[in-house]
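# Structural features, examined
Chain by chain, the residues:
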Amino acid sequence: MHFEVKYNPSYALAIVSLGANESVVAEGGAMVSMSSNVAIQTSMGGGGGAGGLLKALKRTALGGESFFLNTYTSQGGPGEVTFAPTLPGDIAHIQMTGPGLVIQRTSYLAGSPGVAIDTQFGGLKSFLGGEGLFMLKASGQGDILVTSFGAIHLMELDGPYIVDSGHIVAFDETLSFENKRVGSWKSTFLSGEGLVTLFNGKGRLWIQSRNPKAFGQLVGGKLPPRQQ
């Protein structure tokens, strides 16, 4: 299959070209359009049976992702499926050939069947960073699409680097991370930055140029009060 991303970074659209009998897996609601010969099969994320049910429940309750995944298969010849994120932003195509990938909970969009998506416990350090206790873990060989709010910026890290936790999209599992204060407690609370994430090690880091949580707080503060 072939992946192409167009109209980035503000309103990205992923175009997946499938060969005959090839498949791509995506979150429910991610599809924008598809060829008429593409069939959809809906299943629990994590496979069938009791193990698949538990994995799907874990991804939904803890990882913030859909209970179901859709598999799009081109039948009788080549086909095409397009995907887009809910928020206006970018899409990054990542080829997974080595280490696993840790993904911010709402940034997974789609991938090839050879990539498994599960929930990973981030510990208290993740919770304090404002991202919740759980993240998603992608493993295996193949392609994956991750999304952002705003543009995606890729960095190759080799040593310590600090990022506002609301701007993290994904990172190689070879990177360790911890949350810390910007400076003193006074600076942490008055600077508007709160706690930041300190990465260390060697690997790739994808960040987004906008913070969904901060944007939601800004917009929410301007909405009229609800009528009783």
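For the structure given in this document, a descriptive report is provided here. (Residues numbered from 1 in each chain as written. Predicted model: local features only at pLDDT ≥ 70, side-chain atom pairs only at ≥ 80, totals over all residues. Heavy atoms only, no water.)

### What about the pairing of strand β19 (residues 202-208)?
- Across the seven residues that make up β19, a large majority, five, are buried.
- Here strand β14 (residues 152-158) pairs with β19 via seven bridges, running antiparallel. Residue pairing across strands places Leu157 opposite Gly203, the latter belonging to β19.
- In this sheet, β19 lies alongside strand β16 (residues 168-172) in antiparallel orientation, the contact comprising three bridges. The residue of β19 that forms the bridge with Ala170 is Trp206. (Buried < 20%, exposed > 50% of the residue type's maximum accessible area, 1.4 Å probe, protein only. Helix = DSSP H or I, 4+ residues; strand = E, 2+ residues; numbered from the N terminus. Pairing = 2+ DSSP bridges.)

### Notes on the sheet that holds strand β1 (residues 2-6)
- Read from one edge of the open sheet, four strands run β1-β2-β7-β4, paired in antiparallel fashion. Since the sheet does not close on itself, it has two edges, and those belong to β1 and β4 (31-34), each with one partner. Here the average twist between neighbouring strands, direction ignored, is 20 degrees.
- Here three bridges tie β4 to strand β7 (residues 79-83), and the two strands are oriented antiparallel to one another. Following the sheet pairing, Met31 is matched in β7 by Phe83. (Axes fitted to C-alpha atoms, helices over the stretch in contact; angles between N-to-C directions.)

### Observations regarding the pattern of salt bridges
- All chains considered together, the criterion is met by two salt bridges.
- One salt bridge in this structure joins Glu173 and Lys137, with 3.0 Å as the shortest N-O distance. Of the two residues, Glu173 sits in the loop between β16 and β17 (176-181) while Lys137 sits in strand β12 (residues 134-140), which places them 36 residues apart along the sequence.
- Its relative accessible area of 39% is what places Glu173 among the partly exposed residues. (Salt bridge = Lys/Arg side-chain N within 4 Å of Asp/Glu carboxyl O.)

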